[in-house]
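Structural description and commentary
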Amino acid sequence: MNARRRAMRAGAGFLAGILLLGLPGGARAAAAPDLVFSALSPKIASGKVAIANTFKNQGTAPTAGTFYGAFYLSADKTFDASTDHLLGKRARTTPLNAGSSSSATSSFAVPASVPPGDYYVLGVIDSTGTQAESDESNNVSASAGTLSIRADLVVSAISATRSGDTLTIKSTVKNQGVLAASGPFRVDFYLSKDATITTADTRFGERTVSGTLAYGKTSLATTTLAIPAGLPAGTYRVGAIAD
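Predicted model, so just to flag it, every value in this text is computed and none were measured.

1. Quick notes on the packing of aromatic side chains
For the structure on display, the rule yields five aromatic pairs. Summarising the aromatic geometry, the rings of Phe 55 and Phe 67 are spaced 5.6 Å apart at their centres and angled 40° between planes, so their arrangement reads as tilted. Here the residue Phe 55 occupies a position in strand S2 (residues 48–57), and Phe 67 occupies one in strand S3 (residues 67–74), the gap between them amounting to twelve residues. For Phe 55, a relative accessible area of 0% corresponds to the buried category. In this structure Phe 67 comes out as buried when scored by relative accessible area, which is 0%.

2. A word on the layout of surface pockets
Approximately 200 Å³ is the volume found for the largest pocket. What lines the largest pocket is Arg 162, Asp 165, Leu 167, Leu 191, Ile 227, Leu 231, Pro 232, Ala 233, Gly 234, Tyr 236 and Val 238. The class makeup of the residues in the lining of the largest pocket is eight nonpolar, one polar and two charged.

3. Things to note about the sheet that holds strand S10 (residues 166–175)
As summarised here, the arrangement of the three strands in space is S9-S10-S15, forming an open sheet in which the pairing is antiparallel. Edge positions in the sheet fall to strand S9 (153–163) and strand S15 (218–226), since each of these pairs with one other strand and no more. Sheet twist, expressed as the average angle between the axes of neighbouring strands with direction ignored, equals 15°.

Thresholds applied
- Residues numbered from 1 in each chain as written.
- Predicted model: local features only at pLDDT ≥ 70, side-chain atom pairs only at ≥ 80, totals over all residues.
- Heavy atoms only, no water.
- Phe/Tyr/Trp six-rings, centres within 6.5 Å; stacked < 30°, edge-to-face > 60°.
- Helix = DSSP H or I, 4+ residues; strand = E, 2+ residues; numbered from the N terminus.
- Buried < 20%, exposed > 50% of the residue type's maximum accessible area, 1.4 Å probe, protein only.
- 1 Å grid on protein atoms, 1.4 Å probe; cavity = no way out; pocket = protein on both sides within 12 Å on 5 of 7 lines; lining within 4 Å.
- Points joined across faces, edges and corners; volume = space filled by probe spheres on them.
- Nonpolar A, V, L, I, M, F, W, Y, C, P; charged D, E, K, R; others polar.
- Pairing = 2+ DSSP bridges.
- Axes fitted to C-alpha atoms, helices over the stretch in contact; angles between N-to-C directions.

Structure representation (structure tokens):
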């Protein structure tokens, strides 16, 4: 009987060992947040880069403490902190629950150090690494297309009066781009037989804009020019092309 009990106890010990070995296989991973940009849509608005963006926590736990989404201008869709240009950051100061999202439009002026060009906007979520995420490989998102980051000079107004063989021209040039236009640059005047002014029309003078023309700023000037000798008779429009 004692031998039988010893056998039963041995069998129970063996069975208990099987159950104990099976426990780790059923253990669950610790709950953690997993942050991504679920939307990233930039545009140029009022001389700034305006980015409609959405933070999403697709993990299994809420965030803890403040985290940031940082926005960069990049020549490609690959993030490189050494070459991409930081626009700014958006902060989330309250917990973002698992499965929840937070949307905003973040607007930033373009730093003067950014060279003119076409750029993607990259979003880097949890950019300061404050969250212990379940997946750290999905924190960078890129815009679908590029933005033109340049000065954009336009002739916003022009008028001319004639006195004998001279024309007195009032012209206004405006910078509607996101980068400042650094002078000096030229405003060329043309005589055209139609309303479409091109470099194929008769150029008959210029004026120079010095200094820097920031976004939304204008340059107004009055220029007096002689009508070109030998110009065929006809009706002409006066036009201008900036830079």
